[in-house]
Structures are given as C-alpha cells and as structure tokens.
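# Topology and contacts: notes
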Amino acid sequence: MILGDTCSRACSFCAVKKGVPSLPSEDEPDRIAEAVSALDLNYIVITSVTRDDLPDGGASLFAKTIKVVKERKPGAKVEVLIPDFQGSEEALDKVIQAEPDVINHNIEAVEAIYPEINRPIENYQRSLTVLKILKMKGAVTKSGLMLGLGERRKEIIQTFSDLRSAGCDFLTIGQYLQPTRLNVLLKKYYSPLEFYQLKNIALDFGIFNVEAGPLVRSSFGAYKMYQSLQTREH
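Throughout what follows, the structure given in this document is the object of discussion. A quick note: this is a predicted structure, and the numbers were derived from the prediction, not measured.

About the criteria used
Residues numbered from 1 in each chain as written. Predicted model: local features only at pLDDT ≥ 70, side-chain atom pairs only at ≥ 80, totals over all residues. Heavy atoms only, no water. Helix = DSSP H or I, 4+ residues; strand = E, 2+ residues; numbered from the N terminus. Expected span 1.5 Å × (residues − 1). Buried < 20%, exposed > 50% of the residue type's maximum accessible area, 1.4 Å probe, protein only. Contact = heavy atoms within 4.5 Å. Patch = residues over 30% accessible without salt bridge, like charges linked within 9 Å, V, L, I, M, F, W, Y side chains within 5 Å. Areas by Shrake-Rupley, 256 points an atom, 1.4 Å probe, with all protein chains shown as cover. Salt bridge = Lys/Arg side-chain N within 4 Å of Asp/Glu carboxyl O. Pairing = 2+ DSSP bridges. Right-handed = clockwise from strand over helix to strand, strands pointing away. Axes fitted to C-alpha atoms, helices over the stretch in contact; angles between N-to-C directions. Phe/Tyr/Trp six-rings, centres within 6.5 Å; stacked < 30°, edge-to-face > 60°.

On to helix H2 (residues 59–72), then. In this model H2 runs 20 Å from its N-terminal to its C-terminal C-alpha over 14 residues, within 8% of the 20 Å that 1.5 Å per residue would give. Three or more residues of H2 are buried, namely Ala-59, Leu-61, Phe-62, Ala-63, Thr-65, Ile-66, Val-68 and Val-69. Contacts from the buried residues of H2 go to helix H1 (28–39), strand S3 (43–47), strand S4 (77–81) and helix H3 (89–97).

Side chains of Leu-177, Tyr-189 and Leu-215 sit close together on the surface and give an oily, nonpolar patch of about 370 Å² of accessible area. Overall, the relative accessible area of 60% leaves Tyr-189 in the exposed class.

In this structure, S3 lies alongside S4, joined through 5 bridges in parallel fashion. Following the sheet pairing, Thr-47 is matched in S4 by Leu-81. Between the parallel elements S3 and S4, the chain passes through H2 in a crossover that is right-handed.

On to the sheet that holds S3. Taken together, 6 strands build an open sheet; the order of strands is S3-S4-S5-S6-S7-S8 and the sheet is parallel. Both outer strands of the open sheet, S3 and strand S8 (209–213), are each paired with one neighbouring strand and no more. Averaged over all neighbouring strand pairs, the angle between strand axes comes to 20 degrees, with direction disregarded. Each of strand S6 (141–147), strand S7 (170–175) and S8 touches helix H6 (residues 192–204); the most contacted strand, S8, lies at about 165 degrees to it.

The final tally for this structure, using the stated rule, is 6 aromatic pairs. Seen from their ring centres, Tyr-43 and Tyr-223 are 5.3 Å apart, and the 50 degrees between their planes marks the pair as tilted. Here Tyr-43, found in strand S3, pairs with Tyr-223, found in helix H7 (residues 222–233); they are 180 residues apart in sequence, far enough to count as distant. On the basis of relative accessibility, which here comes to 15%, the residue Tyr-43 falls in the buried class.

Time to look at the pattern of salt bridges. A pair can form between side chains of opposite charge whenever their charged atoms are brought close. Taken as a whole, this structure holds 17 salt bridges when the rule is applied. Across the pair Asp-52 and Arg-9 runs a salt bridge, and its minimum N-O distance is 2.7 Å. Taken together, the positions of Asp-52 in the loop between S3 and H2 and Arg-9 in the loop between strand S1 (6–7) and strand S2 (17–18) put the pair 43 residues apart, joining distant regions of the chain. On the basis of relative accessibility, which here comes to 28%, the residue Asp-52 falls in the partly exposed class.

In structure tokens:
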C-alpha cells in the first residue's frame, strides 16, 4: 500500500485510519521496488488509501511506483488497485501511461447501499465512468463487490450488468466482515452456494473471470486471473 496510512475519506465499512494525511514519501516507489526484488515477486498488487488532498489524487506516485518496480524487476507483472481520483481523466492517464498489467477499481457495493457506507450515491456512477475510461484506453480492468450490507438480489444483478457495460474484465465478490463495532453493521452472511450462484450469473453477463466466496478479497487469485486472460488471447 502506498501514499501513507491515512485516508482522506471516511467510508464506514473500512477500518483504515481516517483524517488529514501527511505528505507522501517520495522514496515510496524505491522502497516498494526494493521489497519486490528482495522477495523475488513476479506478480505485485499495489494499492493505496484515497488522497483527495493531493492535486492528482496520488496518480503520479502510482505511475512512478509501477515504472520503478518494472525497472527493478524486469518481467514482473503489476496490478494496481486505484481510488477514483475524483473522476479525473488526466490522473487516470498518468496511471495508464505507466503500463500496469491490470487496473482494478472497486465498485465496493450496490448503488442503493452507498449512503449507508458514507459514500455519495453519485460516486457509484463515477466509479463506473472510471472503469469505462480505463477500458476505452486499452486497460485490462477489474473491480470488486462486497456483499452482506443489506443489498437485494436484483441490485446485485444490476451491478453485474453495470460493470459489464463499463467493460469490466475481472470481478471479485466477497463477504463484508464488520471490522469493528464502529463500522457499518453486517446484515447477512452469504453461503458458499450463494456465492457460487452469483459467480455464474456474473459470468453469464460476460465478465471474463470471477472469483466469489466468503473470504475473497480484491487480490484473491489475482495472478491466476491475469493468466486466464493470456490464455484467452492466445
């Protein structure tokens, strides 16, 4: 995770520290690359807190990190999980031009749940627009959805449709687990069978690869997903 440990937003499902972030460390890309090299990693997932306080939302540091990692570890594949950068196409271009292998931006929840997780409801469409821009510019795109917040089945299915219309290639579907008593309440546990059924519905919409299960998170099976796309292309 880059851009520090303090998020400038206050989504109620998340236990990451919230408040006024400090300035990012300019040597973060080098430290990430050093860790990748030391651990001899071949597939790296880089994410961050949201940094609305920065002019480009931290996009330039994402880009620098991608470039430095690829320079330090030739042949390594890099996936990034990015915030929405407040919808800035200029910021998205900075990330795209650094040539990550997969760009993930999580939709997080169905649209109707956004007010309950302390997100403006219009941010749902903003996230879809981010995915559309990324796909239009040639990126391999990915998103993630949490369940258990009180969403209805038809809303889940509509989200699958929305994501596919935005050109989403990969999707992870996981169970929301309330991290502390201060976070938004858990409303439902989904069974493994329900996750399996929802996975197949998402695939039927044309999303190329889907991971779904109670403990699935954004980076679950990330390298396997990437490999599956290479198989399709060949």
